[in-house]
Structures are given as C-alpha cells and as structure tokens.
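Letter by letter, the chains look like this.
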Amino acid sequence: MHTNETTIRNILNAMETGKTAEAIDKHFVPDFTWRIVGEHTRELGSFGKYVGLEGMEGLQKKIGGYATDYRFNSVESVLADDHIGVSIHRSSAVSNGEPFDCEEVYMWHFEEGKVREIWDYNRIIHNQMVELGERGVTGY
C-alpha cells in the first residue's frame, strides 16, 4: 500500500472519529484547499472553496446547519501514488430527523507527502432530497 493511500485512510478515519483538526495538522499543508462541487452543494450553500483549517471549520459549521450524525459508512476504494489519490466512499447523515445517503469521490493532490488540495465530488442521493422536500423536511 502506498504511503499516500495510508494517509487518505487515516484522514477519513479521523474525520469519522471527530479528530479532523488533528488530521489536518498532521497531513495537510497549512494553506490547503478543499473544493466542493456538485449540483446539490450549490443548493445547500456548501458549494465552493475552503482554505486552511479556518476554512474547513467554516465548512463544518455550514454542514452542521443542515445535517447531523454524519458518518462514513464504507470506504469502497482508495488509490494513490506520489502526487494524486482518489477515495470512493458512502456516507450518511440526518436532516430534521430524516436520514439520507451520500455518494462521495475525493480527488486528493499531494505535495511532498502532504495534502495540498481536495476536490470533493459528492452527491446526496438526489431522489432522497426530493422525497424529503415533498414530505416537508427542510434544512438540507
């Protein structure tokens, strides 16, 4: 297993266990960039570019505004070399008491063994969002 693959798995585990700040301190360059793309992220207000730990904390607050109990359910695949990594996983959360699933692909860019940038392609299963909205659930 490539060391950057191990790094990705360690970061995902830290995010799951509430140790995101420690993982960022250990595995990311100080001014790393986390970019979130995807149609639903624009609707939710989390679409965009977040720089450094401060940016990541702001992103977590935005997500916390519409989702709780966020969990990685399964890491389906992680591939990495010296410069690029890809992780494919599923996650879940709850919005206003209603569960929803999310499919995620992160593209990781490494610089001298540290994460420089992540492109976060995630998709809340859109049909579930529509169903939640039709049932009057808001905040997602």
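Residues numbered from 1 in each chain as written. Predicted model: local features only at pLDDT ≥ 70, side-chain atom pairs only at ≥ 80, totals over all residues. Heavy atoms only, no water.

(A) Expanded view of the pattern of salt bridges. Summed over all chains, the structure comprises five salt bridges. Across the pair Arg 9 and Glu 5 runs a salt bridge whose closest N-O atoms are separated by 3.4 Å. Placement of the pair is Arg 9 and Glu 5 together in helix H1 (residues 3-16), with a separation of four residues, close to one helical turn. With a relative accessible area of 34%, Arg 9 lands in the partly exposed category. The exposure class assigned to Glu 5 is buried, which follows from its relative accessible area of 13%. Between Glu 117 and Arg 35 there is a salt bridge, and its shortest N-O distance comes to 2.5 Å. (Salt bridge = Lys/Arg side-chain N within 4 Å of Asp/Glu carboxyl O. Helix = DSSP H or I, 4+ residues; strand = E, 2+ residues; numbered from the N terminus. Buried < 20%, exposed > 50% of the residue type's maximum accessible area, 1.4 Å probe, protein only.)

(B) Geometry of the packing of H1 against helix H2 (residues 20-27). As a packed pair, H1 and H2 sit with axes 8 Å apart at the nearest point and diverge in direction by 155°. Judged by the inter-axis angle, H1 sits roughly antiparallel to H2. As for how H1 packs across H2, the hand of that crossing is left-handed. Facing Thr 7, Asn 10, Ile 11, Ala 14 and Met 15 of H1, the residues of H2 in contact are Thr 20, Ala 23 and His 27. Within the contact of H1 with H2, the residues separate by chemical class into four nonpolar, four polar and no charged. (Axes fitted to C-alpha atoms, helices over the stretch in contact; angles between N-to-C directions. Parallel < 35°, antiparallel > 145°, perpendicular 65-115°, else oblique. Left-handed = near helix turned anticlockwise from the far one by under 90°. Contact = heavy atoms within 4.5 Å. Nonpolar A, V, L, I, M, F, W, Y, C, P; charged D, E, K, R; others polar.)

(C) Spatial organisation of the side chain of Glu 117. The residue Glu 117 is located in strand E6 (residues 114-124) in this model. A polar contact is formed between the side chain of Glu 117 and the side chain of Arg 35, at a distance of 2.5 Å. Among the polar contacts listed, one links the side chain of Glu 117 to the side chain of Trp 119, at a separation of 3.4 Å. Apart from residues lying up to four places away in sequence, Glu 117 is in contact with Thr 33, Arg 35, Met 107, Trp 108 and His 109. (Polar contact = N/O pair within 3.5 Å; in protein donor to acceptor, adjacent residues only side chain to side chain.)

(D) Here's a closer look at the packing of aromatic side chains. Under the definition given, this model contains four aromatic pairs. Centre to centre, the rings of Trp 34 and Tyr 106 are 5.3 Å apart; their planes meet at 80°, and the pair counts as edge-to-face. On the criterion of sequence distance, the pair formed by Trp 34 in strand E1 (residues 28-37) and Tyr 106 in strand E5 (residues 98-111) is long-range, its members being 72 residues apart. The same class applies to Trp 34 and to Tyr 106, which are both buried. On the basis of an interplanar angle of 20° and a centroid distance of 6.3 Å, the ring pair of Trp 119 and Tyr 121 is categorised as stacked. Joined through ring pairs, the aromatic side chains of Trp 34, Tyr 106 and Trp 108 make up one cluster. (Phe/Tyr/Trp six-rings, centres within 6.5 Å; stacked < 30°, edge-to-face > 60°.)

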